Amino acid sequence: MLIGTILRNKGSNVTTVPPEASVRELLAKLAEDNIGAVVVSTDGATITGIVSERDVVRRLHDRGAAILDRPVSEIMTSDVRTVGPGDNVEELRKTMTTQRFRHMPVVQDGRLVGIVSIGDVVKSAIEELETEKASLVDYLHR
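Residues numbered from 1 in each chain as written. Predicted model: local features only at pLDDT ≥ 70, side-chain atom pairs only at ≥ 80, totals over all residues. Heavy atoms only, no water.

Enquirer: Tell me about the overall build of the protein, and please be specific about residues and values.
Expert: Looking only at helices and strands, the protein features five helices and five strands. Reading the protein from its N terminus to its C terminus gives the helix and strand order α-β-α-β-β-α-α-β-β-α. For the protein, the C-alpha atoms occupy an extent of roughly 65 × 35 × 25 Å along the three principal directions. Residue pairs at least 24 apart in sequence account for 57% of intrachain contacts in the protein once pairs closer than 6 positions are excluded. Within the structure as shown, the protein displays about 8700 Å² of accessible surface, and the carbon and sulfur contribution to it stands at 49%. (Helix = DSSP H or I, 4+ residues; strand = E, 2+ residues; numbered from the N terminus. Contact = heavy atoms within 4.5 Å. Areas by Shrake-Rupley, 256 points an atom, 1.4 Å probe, with all protein chains shown as cover.)

Enquirer: Run through the sheet that holds strand β3 (residues 49-52), naming residues and quoting values.
Expert: Spatially, three strands are ordered β1-β2-β3 in an open sheet, and the strand pairing comes out mixed. This sheet does not close on itself; its edge strands, each paired only once, are β1 (16-17) and β3. Pairing geometry for strand β2 (residues 37-40) and β3, over four bridges, is antiparallel. Paired with V39 across the bridge in β3 is I50. The sheet strands contacting helix α2 (residues 23-33) are β1, β2 and β3, and the helix crosses β2 at an angle near 130°. (Pairing = 2+ DSSP bridges. Axes fitted to C-alpha atoms, helices over the stretch in contact; angles between N-to-C directions.)

Enquirer: Which residues make up helix α3 (residues 53-63), and what values do they have?
Expert: Every buried residue belonging to α3 is among D55, V56 and R59, and all of these are buried. One side of α3 holds all its buried residues, which, seen down the axis, span an arc of 95°. What points out from α3, more than 90 degrees from its buried face, is the exposed set V57 and H61. The elements touched by buried residues of α3 are α2 and β3. Just downstream of α3 lies G64, where phi reads positive at about 85°. (Buried < 20%, exposed > 50% of the residue type's maximum accessible area, 1.4 Å probe, protein only. Arc of directions from axis to C-beta.)

Enquirer: Describe a negative patch on the surface, listing the residues and the values that go with them.
Expert: On the surface, E127, E128, E130 and E132 cluster together into a negatively charged patch. Its place among the elements puts E128 in helix α5 (residues 118-140). (Patch = residues over 30% accessible without salt bridge, like charges linked within 9 Å, V, L, I, M, F, W, Y side chains within 5 Å. Salt bridge = Lys/Arg side-chain N within 4 Å of Asp/Glu carboxyl O. Lys, Arg positive; Asp, Glu negative; His and termini not counted. Charge placed at Lys NZ, Arg CZ, Asp CG, Glu CD.)

Enquirer: Residues and numbers for unusual backbone geometry, please.
Expert: In this structure, R100 takes a positive phi of about 60° despite not being glycine. Positionally, R100 belongs in the loop between α4 (89-99) and β4 (103-108). The exposure class assigned to R100 is exposed, which follows from its relative accessible area of 60%.

So, in structure tokens, the structure goes:
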């Protein structure tokens, strides 16, 4: 299965925040959209960084509540790994598991076209297994 298939099923909407947004504003976006990470972008198409709930928790622990009024650029990961819609989901699953990534932006022709979470990857694996099972059951009943 390809990553583009996941995006076709879930949609390509990506929540972004500008680097100068406060961590407090970031938290509001995470809560409003019920998501675990956002892409940091100045224009919604290019990637400046990525920031997750985990990043916020770690910085709160390190620096205290004052971090809430600081810009997202201070806590984001700026070296962002990305995938393309034509990349294989199995490879992404391995990468996400070994590198401990929970969210991976999807880029095509240098533009942000989606984001895939570990939940999306697991859901696609379950759907593949269910399809295989149905095919095998059908084959056995012929």
